[in-house]
Structure formats: C-alpha cells, structure tokens
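A look at the structure
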Amino acid sequence: MARVHVIANQKGGVGKTTVTVNLAAVVADTLGGTTDSTPVLGVSTDPQASMLEWAQRVGEALPFDFDQCHDRPEVLSQLRQIKRYEHIFVDTPGSLEDEGILRTVLAQADDVIVPLEPEPMSFSPATRSIQRLVEPAGVPWRVLLNNWDPRDGEGDLAQTREFVAAKGWPCFNTVIRHYKLHTRASAEGVTVVQYAKNRVALEARQDFFKLALEVLGSQNGAPRHASTAEGQAAVNGVYATTEG
Ligand SMILES: Nc1ncnc2c1ncn2[C@@H]1O[C@H](COP(=O)(O)OP(=O)(O)OP(=O)(O)O)[C@@H](O)[C@H]1O
Ligand SMILES: [Mg+2]
C-alpha cells in the first residue's frame, strides 16, 4: 500500500507545489523508476492546477506518474488504497475556500509536510492551518522551512526556528534554500533531477535529497489505515494495481 504524503498550508505561495514536485522527483529518481514503471505518484488537488501545468511542461522526463484530481473526490478519499505506488505526494490548494479538499486528503495522509517561509507574515496563516486541520488529522507532521535566502542573513531563519520551537512544532532539519533555479523550474519544464550539472544546481538539488532522506527515514511501523474491499474496488477502476 502506498504511503501518502500531503503537502499542506492554506497560505498561498509558501512552496507547496515546488516541494511536492521536487520531492516526488527525487524520491522517484532515488527509488529507481523506469520509463514504464515508477514507484511514485504525484497528485494535485489544487483547482489552480499549477502542478499539472508544470508536469505537462516536463513531459516524458517527469520521473513520477501524475494525476490532477481536484474534481475527483472518489479518488482523493481512497488514496491509501492505491497499490501500484510506494509513495504518493499530494499538492494541496493555498486557499481557505478549498478546505473540503484538504480535509479529504488529510484523512488519507500517512504524514503531512507544512512548508513555511522564514518570515513573520507567514506565521499566523500557518498556525491556523496547523491548529484547524493538520494537528486534528492525527498523523505525524512536520514544518519545512522553505525559500530561505542565505544572502538575507541568518536573522529571519533564527527567528522562525524560535517561533517553531516555542510552538512546540516538529520541524525538518533540512531547510530548502532559495535558488533562482527552483523559481524558474516550472516555466522551464524541469525538476531538480534534471538540473544542469554544475555546482549551484548541485547545491539546490542537495536540499531536496536531504529532505527525501528525512521523509523516507521516518517510515516506521505499519500504515495507520486498514484497507477495505470496497475501497480497493473503487480505486482499481482508476489505477491498475499490482500486488506485492
Ligand atoms: N526554495 C525556493 N527557491 C526559489 N523559489 C521558490 C522556492 N520555493 C518556492 N519558490 C517560488 O515561490 C513561488 C511560490 O511557490 P509555489 O507555487 O510552490 O507555492 P504554493 O504554496 O504551491 O502556492 P499556491 O498556494 O499558490 O499553490 C513560485 O514562484 C516558486 O517558484
Ligand atoms: Mg501550489
């Protein structure tokens, strides 16, 4: 059964789509997908469909399978029944209006990643999402500091770490730094695993490899959701499944 990783924060523009696409790409690349078969599925639940546009621009080189599912509640409510993949990474909307979608996928989550930008304006909206939706989901979750520009100095990062620590929120050790490469990747139709082979690209990519290790390293114990025959039947109609 797939492990479902949901990337969520109702504040817009914090890096949900950037993290979902690049983390899915690194995990697929690392676990050894082929052109015919990949262990990773990326799912967009965002009606804005920015992940879909990005995936289309990457085309055949996308190392994971992708599906746009914001209008397919029958799939979203059964994500954990999908057997064909080892990992499913779910991008979610950055708006308060689409809370129903978010609740549906959080009920399917094995873990939740909450991207947070290291700047005080981001704190209140993140707190709201965490308290209202993420914590009540009752699954492991962690804050991910994203889009920190080292050229701005350590001040904002330190302040954000203090804020997170004061809240008692679990947090990834990895910080995803700001790189123009990431900002341009969607328009250029690439993911981190296709970045050029130079030092800056290597550094940019490294953050996502470190993050992938933290995400994969925390797979302890059995998934919390039991599968149901009806669930599998419903999903088998959408995704061909292979046992084992
Ligand atoms: N680590 C980073 N380095 C550089 N640019 C980044 C980084 N993270 C995010 N960005 C840029 O910030 C913008 C917002 O990121 P993204 O679209 O991933 O956020 P989002 O949370 O999915 O937004 P929305 O809520 O609108 O769906 C994009 O232009 C993206 O390229
Ligand atoms: Mg997005």
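This report concerns the structure included in the present document. (Residues numbered from 1 in each chain as written. Chains lettered and ligands numbered in written order. Predicted model: local features only at pLDDT ≥ 70, side-chain atom pairs only at ≥ 80, totals over all residues. Heavy atoms only, no water.)

On to the overall build of the chain. Assigned secondary structure in the chain consists of nine helices and seven strands. Classification of the 244 residues of the chain by burial places 51% in the buried group. Taking the contacts inside the chain whose residues are at least 6 apart along the sequence as the reference set, 82% of them involve residues at least 24 apart. For the chain, the accessible surface area stands at approximately 11000 Å², while carbon and sulfur atoms represent 50% of it. (Helix = DSSP H or I, 4+ residues; strand = E, 2+ residues; numbered from the N terminus. Buried < 20%, exposed > 50% of the residue type's maximum accessible area, 1.4 Å probe, protein only. Contact = heavy atoms within 4.5 Å. Areas by Shrake-Rupley, 256 points an atom, 1.4 Å probe, with all protein chains shown as cover.)

Moving on to the side chain of histidine 182. With respect to the secondary-structure elements, histidine 182 resides in helix 7 (residues 180-188). For histidine 182, a relative accessible area of 8% gives the class buried. What histidine 182 contacts, discounting residues up to four positions off in sequence, is Thr18, Asn22, Ile176, Arg177, Val192, Tyr195, Ala204 and Phe208.

Moving on, we come to helix 5 (residues 123-134). Inspection of helix 5 places Phe123, Ala126, Thr127, Ser129, Ile130, Leu133 and Val134 among the buried residues, and these make up the whole buried set. Looking at the buried residues of helix 5, the elements they touch are helix 4 (99-106), strand 5 (111-116), strand 6 (141-148) and helix 6 (155-167).

Our focus in this paragraph is the site of ligand 1. Neighbouring ligand 1 are 17 residues; Gly15, Lys16, Thr17, Thr18 and Thr183 lie closest to it. Within the backbone of valine 14, a nitrogen or oxygen atom sits 3.1 Å from an oxygen atom of ligand 1. Coverage of ligand 1 by the protein amounts to 77% of the 630 Å² it exposes when considered alone. Taken together, the elements giving at least two residues each to the shell around ligand 1 come down to helix 1 (16-31), strand 6, strand 7 (176-177) and helix 7. (Near = heavy atom within 4 Å. Polar contact = N/O pair within 3.5 Å; in protein donor to acceptor, adjacent residues only side chain to side chain.)

This part takes up the sheet that holds strand 6. Reading across from one edge, 3-2-4-1-5-6-7 is the order of the seven strands in this open sheet, with parallel pairing throughout. Strands at the two margins of the open sheet, each flanked by one partner only, are strand 3 (65-68) and strand 7. Relative to strand 6, strand 5 runs parallel, the two sharing five bridges. Bridge pairing in strand 6 places valine 112 opposite tryptophan 141. Here helix 1 sits on the sheet in contact with strand 1 (3-7), strand 2 (40-44), strand 4 (87-91), strand 5 and strand 6, set at roughly 165° to strand 4. Across the sheet, helix 5 is in contact with strand 5 and strand 6; its angle to strand 5 comes to roughly 165°. (Pairing = 2+ DSSP bridges. Axes fitted to C-alpha atoms, helices over the stretch in contact; angles between N-to-C directions.)

Let us look at the nonpolar core. Ile88 and Val112 are the most contacted members of the largest nonpolar core, which has 38 residues in total. Other than its neighbours up to four places away in sequence, valine 112 contacts Val6, Ala8, Leu106, Val134, Val139, Pro140, Trp141 and Arg142. If you look at the next biggest cluster of nonpolar residues, it comprises 32 residues, including Ile7, Ala25, Tyr195 and Leu211. (Core = buried A, V, L, I, M, F, W, Y, C linked by side-chain atoms within 4.5 Å.)

Moving on, we get to the environment of alanine 158. When you line up the elements, alanine 158 lands in helix 6. Through-space distance from the C-alpha of alanine 158 to that of proline 118 is 8.5 Å; in sequence the pair is 40 residues apart.

Looking at where serine 44 falls in the secondary structure, it is placed in strand 2. One polar contact links serine 44 to glutamine 68, side chain to side chain, over a distance of 3.0 Å.

Turning our attention to the packing of aromatic side chains. How two aromatic rings sit relative to each other is set out by the distance from centre to centre and by the angle between their planes. This model, assessed by the stated rule, comprises three aromatic pairs. Relative to phenylalanine 163, the ring of phenylalanine 123 has its centre 4.1 Å away and its plane inclined at 10°; by these criteria the two rings are stacked. Taken together, the residues phenylalanine 123 in helix 5 and phenylalanine 163 in helix 6 connect sequence positions 40 residues apart. The pair formed by phenylalanine 123 and phenylalanine 163 is uniform in burial state, with each residue classed as buried. (Phe/Tyr/Trp six-rings, centres within 6.5 Å; stacked < 30°, edge-to-face > 60°.)

Now for the pairing of strand 4. Within strand 4, five of the five residues are buried, which leaves the element mostly enclosed by the surrounding structure. The alternating pattern of strand 4 places His87, Phe89 and Asp91 on one face and Ile88 and Val90 on the opposite face, and all of these are buried. Taken together, the five bridges between strand 1 and strand 4 define a ladder with parallel strand orientation. In the strand pairing of strand 4, valine 6 is matched with valine 90. Here five bridges tie strand 2 to strand 4, and the two strands are oriented parallel to one another. In the strand pairing of strand 4, valine 40 is matched with histidine 87.

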